[in-house]
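Here is how the chains run, residue by residue.
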Amino acid sequence: MNSVPGRRTRILAATTAAAGLLLVAGCSSDDGGSGATKTAAGGVELVKAGQLTTCTHLPYPPFQSEIDGKVQGFDVSLIDLVAEDLGVKQDIVDTPFENFKTGAFLNSGECDLAAAGMTITDERKKNVDFSDPYFEATQAVLAAKKADIRSFADLKGDGDYKVGTQAQTTGEDYAKSQGLDPVSFESSDAVLNGLRAGQVDAVVIDYPVVQGWLKDATLADAYTVAEQINTGEEYGFTVKKGNAKLLAAIDKALAEARADGTYKDLYEQWIGPYDESAASASPSAS
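Counting from 1, residues in each chain are numbered in the order their sequence is written. Totals for whole chains, interfaces and linings use all residues, but because this is a predicted model, local features are given only for residues with pLDDT of at least 70 and pairs of side-chain atoms are given and counted only at 80 or more. Values reported for side chains reflect all heavy atoms of the structure, with hydrogen atoms and water molecules removed beforehand.

How would you sum up the overall build of the protein? Please name residues and give values.
By definition, any uninterrupted DSSP run of H or I lasting at least four residues is a helix, any uninterrupted run of E lasting at least two residues is a strand, and each is numbered from the N terminus. The number of helices and strands found in the protein is 13 helices and 13 strands. Per-residue burial over the protein gives 50% buried out of 286 residues. Only the protein chains shown count as cover for residues, and all accessible areas are computed by the Shrake-Rupley method using a 1.4 Å probe. Accessible surface, the protein as shown: approximately 12,300 Å² in total, 49% of it carbon and sulfur. Think of it in three bands: with a 1.4 Å probe and only protein chains considered, a residue is buried below 20% of the maximum accessible area for its type, exposed above 50%, and partly exposed in between.

This is the structure we're talking about:
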């Protein structure tokens, strides 16, 4: 089945060359000229004419990170599909992660949507509207092999281990809910640097991030996945509450990508071996 003829070929050819078209520190009010319109295909209203402005938090590979001067990743590639359907280009804004919980940058009109490997939670739904789930995630315990940590339970034992997490994430929330007092790092890169520097003995973070790290042979030699923890997490993209047209455009692009094989191709490019469950996640409750 190919409900979007030619899309898969175009996207895969463009992913490394054009994904994450532009990274900026903030959005300007330029409409691209006095005759420019902020209304895209399907009547979707945009904060800036001619572009779909995405808030993210860098780096968070393999979902979004700067590679060869461009912001690229799984999230970026999926939102490029939305932008293509709307007839515009994606523009990416790097913002603090804590703002995604409150929807601050969406409410202020700085961004149209947020894409940041963000778990759908009831608490976050109070402030933003989530797309259908696009990825099922587990948490991973990554530990130094020399630390002899073989499970999450070991972190709660008598080993007096120091545990690292990324600030404001569900991994950090989970660690705290289990009675740990983790060292909080600002970004996933900082988490890894803390582990490598010996500031912590293990980290609790989303498994796809760990998968990306362990592609480095040096890291794979030094660290091991002690345990994967299925917390039932699903990722979603977010829009300002009530932005139904953009939300519908995102869900449509995701559904078409699953149907025509584009999702599978992008998953294998950015994440690794394809997991069928990632494409069959049920739509989030409205």
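Anyway, onward from the coordinates.
Please provide a residue-by-residue account of helix α2 (residues 74-86), values included.
Between the first and last residue of a helix there are one fewer steps than residues, each counted as 1.5 Å, and that sum is the expected span. Here α2 contains 13 residues, and its C-alpha end-to-end distance of 19 Å stays within 8% of the 18 Å for a straight helix at 1.5 Å per residue. Of all 13 residues in α2, eleven are buried, a share of seventy percent or more. Those residues of α2 lying buried are F74, D75, V76, S77, L78, I79, D80, L81, V82, A83 and L86. Two residues or fewer past α2, G87 is found with a positive phi of approximately 80°.

Can you explain the pairing of strand β11 (residues 202-206)? Please cite residues and give values.
For β11, the buried fraction is high: five of the five residues fall into the buried class. Should DSSP find at least two bridges between two strands, the strands are regarded as paired. Bridge count for strand β8 (residues 135-144) against β11 is five bridges, and the pairing is antiparallel. Considered in β11, the bridge of L142 is made with V203. The pairing of strand β9 (residues 163-166) with β11 spans two bridges and is parallel.

I'd love a proper account of the state of the cysteines, names of residues and values included.
Any two cysteine sulfur atoms lying within 2.5 Å of each other are counted as a disulfide. Scanning all chains against the criterion turns up one disulfide. Between C55 and C111 runs a disulfide, and the two sulfur atoms are separated by 2.1 Å. The disulfide joining C55 to C111 has a torsion of about 70° about its S-S bond and is therefore right-handed. You can see C55 sitting in strand β2 (residues 51-56) and its partner C111 sitting in the loop between α4 (104-107) and β6 (113-114), a full 56 residues away along the chain. In this structure, C55 and C111 share a single accessibility class: buried.

Run through the sheet that holds β8, naming residues and quoting values.
Read from one edge of the open sheet, five strands run β10-β9-β11-β8-β12, paired in mixed fashion. This sheet does not close on itself; its edge strands, each paired only once, are β10 (183-185) and β12 (223-235). Direction aside, neighbouring strands of the sheet carry axes that sit 25° apart on average. Sheet analysis places β8 next to β12, joined by nine bridges and oriented antiparallel. If you follow E136 over to β12, its bridge partner there is E234. Each of β8, β9, β10, β11 and β12 is contacted by helix α8 (residues 188-196), which is oriented at about 160° to β11, the strand it contacts most. All axes are obtained by fitting lines to C-alpha atoms, using only the stretch in contact for helices, and the reported angles, taken between N-to-C directions, cover 0 to 180 degrees. Here, two residues are considered to be in contact whenever any of their heavy atoms come within 4.5 Å of each other.

Limitation: the analysis is restricted to geometry and does not speak to function.
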